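What follows is each chain in one-letter form.
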Amino acid sequence: MANGSTPLRTIRKVAVLGAGTMGSRIAAHLANAGLPVLLLDIVPPGTSADSPRAQRSRLALSALDLLKKAKPAALYAPENSRLISPGNFDDDMPQIADCDWIIEAVAEDLAIKHALYERVVQHRHADAILTTNTSGLPVSSLADGLPAEVQPLFFGTHFFNPPRYMQLLELIPLPHTSSEAIALISNFCDRRLGKSVVISRDTPNFIANRIGTFTIGNAVRLMQAQGLTIEEVDLLTGSALGWPRTGTFRLADMVGLDVLLHVARNFEAKAAKIGDERSDVKLPAFIETMLERKWLGDKTAQGFYKKEGKDPEGRDLRQVLDWQTLDYRPSEKPKFPSLEMAKNVESTGARVAQLLQADVERDKAARFYWPFLTELFTYATNRVSQQNYEPAASIVEIDIAMRTGYNWELGPFELFDAVGVRATTDRMRAAGAPISANIERLLAWGDKNNDPAPTWYKDDRTIPSGRRYFDPFTDTYKPVPAPEGTSSLAILKKSNGVVKKNAGASLVDLGEGVAAIELHSKMNALGGDIVSFITQTLKPSSEPVSNFEAFVITGDSTNFSVGANLMQLLLTIQDEEWDDVELAIRAFQNMTQTIKFCPRPVVVAPFGMCLGGGVEISLHAAARQPHAESYMGLVEAGVGLIPGGGGCKEMLLRSIEAGTGIRHPSDGVAARGESVEIFEATKKNFETIAKATVSTSAAEARSLNLLRDSDATTINRDRLVIDAKLRARALADAGYSSPVPRTDIPAPGESVLATLKLAVWTMREGQYISDHDVRVANWVAHILSGGHVTPGTLISEQYLLDLERQAFLSLCGEKKTQERIAFTLKTGKPLRN
């Protein structure tokens, strides 16, 4: 209740005060969620009161223009910018009276913020929530001077940059903050903005930046102490630990050295005062010198690294800073024996455990990892306290903050469990390292309960989160909180079990008559194991179809699927096993048709990269429940092929649907294929396939006809599985009836084919595409037109599949296609030959 009496209003409109980088991008993400946003900033100095409105609101208008061009994109779709209303503090402050949430994101200056609050309280609605996005000032100091009636509705909301992509949101309540206000914003940001919300105490740098700043500073300290190079430390602190592959210094260049120093200085100024035991870890003088020279990273074209053109394969060539001389030299790829051995260990936890066990006397990497990781474990455990001078009340907040704020695969306590708490602590003790009191409490619990290897987390299949965590202050394991509607396949497998599995996929019981086909091959590349698994699971006579009423196809990994297993395909082509290639294409087509005509509804829930064959799986489903961050595209043209698993067929069906409004034969009489509307839709879908266009969001995928308007989007990745399950369950409850294979598709025909081929010829004449691009594009045009037939000729789905298979086989025999596949496998990039 606001003011203890009336319910808080639903969040329907938001004001963001401050149109800088953070403020404008917060506004953009609110617009992504479909909310109208008021974006205000100061009137530019020297602007008169009678200047045109656009001039007085120039800062906010400029910010809006930049949002439309931002890379990576701040908006799901350019049209979302229409929801943002730019203005200025002087003329437009009264408009905040219509806003339910007011977010302050102006300069980190106490006086500036206080002066702004004085203006805000004059216009805000009595129940409007006011929050600050400060990252450096104490939230309590910002609350000083606010009227008593505003105090319960004021707290910190610390977004991470860029807000669209960074899942973490730290909420910083004060003693007087209303619990209802915290709950309202927490629930809203979880469901509408896709945030993982953690509660932090009002301490310097809050949770994630407190741990992150220490980790970066300690990496620099150890680099200097051990005489390592910048690229060596980046390799050591990257993907080997399950951290972003950028490592420490490349990440700093991306974030900006000025931002890094701001966060570090903020902490250094307060570390000793709050009793931080590692106040000795500070950024060194050479980084200050870099700041003076404006070597700020990517924003100034040089920082720890400096770009020097590209290599023959199109990759950036970089020079790296020698931190001892501050001169740049060519970057070299470091090699560490222990890292080379650990490459084959797929599990991050097992890999880190192996790295930590290497001989520190003989291995350079082990010599770095031992102090780096054990000091991280100690530092993180010391940040958990019952007292308000430490940021976290439990280990859970720290692990969530580091996973979602710094993109670590495992949080510090999860990593500690992976390497073995007792064994690691015994080794630390033997070396004379300090041991956190919280670690001692965990080990004491183990001694008391006859557990020789106690862990911070324990599995518990009886609770929604599937895990309990150790609370050192009560000596008990408490349930890890799980907001209603959030889950993962990993959790559901523990509680409901795996029905069947092979190397590439598993069938997981989701409960309530719904099962999920989980993809779990490397990068979820679609090989024979996945193809056969899906086909056998969903065919009408299968046991799963008898036992379950609906299905979901999804996964827990970073990407839904990167498409077909190109390595398997290339090896078969090189062996000239053409019958095997054709059998593989037929099997893939059979799989997608099994999905489409399954008697039970199949919902596909894509996320991350969903490319090539992954999109073809999605196109054939009864419905789709994509994550907002789904990057979808029929990209086969990039490797000299066409979508051969029914992708072209489904895009033609969408062209006809767009031109006639008829989705199924039962909806009306089939229209002739030569209408202007059908041509325009076919042309658009042709361009999508021929250009191998990949969407930058689910919203853009919808505009590319890869999703339907009826396909709902999930913004919070943690809710995707349950949302897809509910969608599948709803289809089953509505009496789902599977479609029947169509035999009455009106082909666009030769007139459309000729027009599309003319467009391809024009592109070649303008030297925009290569001869091989022409060959690929003409095959796409051939299929989407229905081949050499009279417009309106009725064709079948099987006929279109046959055309796809013919084109795919023909292109597989082309040397240039084989070169493209090999190049992509080697570099991860397309080759235009």
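These numbers were taken from a predicted model, which means no experiment stands behind them.

Notes on the pairing of strand 1 (residues 14-17)
- Side chains Val14 and Val16 project from strand 1 onto one buried face, and the interleaved Ala15 and Leu17 project onto a second face that is buried too.
- Bridge count between strand 1 and strand 2 (residues 37-41): 4 bridges; the pairing is parallel. Across the sheet, Ala15 pairs through a bridge with Leu38, a residue of strand 2.
- Regarding topology, helix 1 (residues 21-32) serves as the crossover connection from strand 1 to the parallel strand 2, and that connection is right-handed.
- The pairing of strand 1 with strand 4 (residues 101-104) spans 4 bridges and is parallel. The residue bridging Val14 from the neighbouring strand is Trp101, located in strand 4.

Comments concerning empty space enclosed by the protein
- For the structure on display, the rule yields 2 cavities of 30 Å³ or more.
- Of the voids in this model, the largest cavity is the one considered here, and its volume is about 140 Å³.
- Residue lining of the largest cavity: 14 residues in total, with Trp243, Gly247, Thr248, Leu251 and Trp408 positioned closest to the centre.
- Sorting elements by how many residues they give to the lining of the largest cavity places helix 8 (residues 208-226) first, with 4 residues.
- Taken together, the residues that form the lining of the largest cavity break down as 8 nonpolar, 6 polar and no charged.
- As a volume, the second largest cavity reaches approximately 80 Å³.
- Going through the elements one at a time, helix 8 and helix 11 (257-271) are the ones with two or more residues in the lining of the second largest cavity.
- Split into classes, the residues belonging to the lining of the second largest cavity amount to 6 nonpolar, 2 polar and 3 charged.

Details of the side chain of His772
- Among the secondary structure elements, His772 is positioned in helix 31 (residues 771-785).
- Since its relative accessible area comes to 3%, His772 is described here as buried.
- When sequence neighbours within four positions are dropped, the list of residues in contact with His772 reads Gly640, Leu811, Glu814, Lys816, Thr817, Arg820 and Asn833.

Looking at a negative patch on the surface
- A cluster of like negative charges, contributed by Asp575, Glu576, Glu577, Asp579 and Asp580, occupies part of the molecular surface.
- As for its position among the elements, Asp575 is in the loop between helix 23 (566-574) and helix 24 (578-596).

Comments concerning the sheet that holds strand 17 (residues 514-519)
- In space, the 6 strands of this open sheet follow the order 15-16-17-18-19-21, with mixed pairing throughout. Looking along the sheet, the strands with just one partner apiece sit at the ends: strand 15 (498-501) and strand 21 (623-624).
- Across 6 bridges, strand 16 (residues 505-511) lies against strand 17 in antiparallel orientation. Directly across from Ala505, in strand 17, lies its bridge partner Leu519.
- The strands touched by helix 20 (residues 489-496) are strand 15, strand 16, strand 17 and strand 18 (550-554); relative to strand 16, the strand with the most contacts, the crossing angle is about 70 degrees.
- Against the sheet, helix 21 (residues 528-538) engages strand 15, strand 16, strand 17, strand 18 and strand 19 (602-604), with an angle of about 170 degrees to strand 17.

Comments concerning the sheet that holds strand 12 (residues 457-459)
- With antiparallel pairing, 3 strands are arranged side by side in an open sheet as 12-13-14. Looking at the sheet topology across the chains shown, the edges are occupied by strand 12 and strand 14 (476-479). The sheet shows a mean angle of 35 degrees between the axes of neighbouring strands, taken without regard to direction.
- In terms of strand pairing, strand 12 meets strand 13 (residues 467-471) through 3 bridges, oriented antiparallel.

Observations concerning the side chain of Ser785
- Positionally, Ser785 belongs in helix 31.
- At 2.8 Å, the side chain of Ser785 and the backbone oxygen of Ala781 are in polar contact.
- The contacts of Ser785, once residues within four sequence positions are left out, are Ala747, Pro748, Gly749, Val752, Leu753 and Leu756.

A word on unusual backbone geometry
- At the junction of Lys71 and Pro72, the peptide bond is cis and its omega measures out at -5 degrees in the coordinates.
- Position of Pro72 among the secondary structure elements: in the loop between helix 3 (58-69) and strand 3 (84-88).
- The omega torsion of the bond from Asn161 to Pro162 falls at -5 degrees, within 30 degrees of zero and hence cis.
- Even without a glycine there, the phi angle at Asn450 is positive, about 55 degrees.
- Locating Asn450 in the fold gives a position in the loop between helix 19 (437-448) and strand 12.
- Given a relative accessible area of 72%, Asn450 falls into the exposed group.

Regarding helix 32 (residues 797-812)
- With 16 residues, helix 32 extends 23 Å from end C-alpha to end C-alpha; this agrees with the ideal 22 Å at 1.5 Å per step.
- What helix 32 keeps buried is the set Glu797, Leu800, Leu801, Leu803, Glu804, Arg805, Ala807, Phe808, Leu811 and Cys812.

Side note on a nonpolar patch on the surface
- Where nonpolar side chains cluster on the molecular surface, the patch consists of Met567, Leu571 and Leu825 and spans about 250 Å² of accessible area.
- Tracing the backbone through its elements, the reader meets Leu825 in helix 33 (residues 815-827).

Quick notes on the packing of helix 24 against helix 32
- The contact between helix 24 and helix 32 brings their axes to 10 Å, and the two run at 145 degrees. Of the two possible hands of crossing, helix 24 and helix 32 adopt the one that is right-handed. On helix 32, the residues touching Trp578, Val581, Glu582, Ile585, Arg586, Gln589, Gln593 and Lys596 of helix 24 are Glu797, Leu801, Glu804, Arg805, Phe808, Leu809 and Cys812.
- Of the residues contributing to the contact of helix 24 with helix 32, the split by class is 7 nonpolar, 2 polar and 6 charged.

About the criteria used
Residues numbered from 1 in each chain as written. Predicted model: local features only at pLDDT ≥ 70, side-chain atom pairs only at ≥ 80, totals over all residues. Heavy atoms only, no water. Buried < 20%, exposed > 50% of the residue type's maximum accessible area, 1.4 Å probe, protein only. Helix = DSSP H or I, 4+ residues; strand = E, 2+ residues; numbered from the N terminus. Pairing = 2+ DSSP bridges. Right-handed = clockwise from strand over helix to strand, strands pointing away. 1 Å grid on protein atoms, 1.4 Å probe; cavity = no way out; pocket = protein on both sides within 12 Å on 5 of 7 lines; lining within 4 Å. Points joined across faces, edges and corners; volume = space filled by probe spheres on them. Nonpolar A, V, L, I, M, F, W, Y, C, P; charged D, E, K, R; others polar. Contact = heavy atoms within 4.5 Å. Patch = residues over 30% accessible without salt bridge, like charges linked within 9 Å, V, L, I, M, F, W, Y side chains within 5 Å. Areas by Shrake-Rupley, 256 points an atom, 1.4 Å probe, with all protein chains shown as cover. Salt bridge = Lys/Arg side-chain N within 4 Å of Asp/Glu carboxyl O. Lys, Arg positive; Asp, Glu negative; His and termini not counted. Charge placed at Lys NZ, Arg CZ, Asp CG, Glu CD. Axes fitted to C-alpha atoms, helices over the stretch in contact; angles between N-to-C directions. Polar contact = N/O pair within 3.5 Å; in protein donor to acceptor, adjacent residues only side chain to side chain. Expected span 1.5 Å × (residues − 1). Left-handed = near helix turned anticlockwise from the far one by under 90°.

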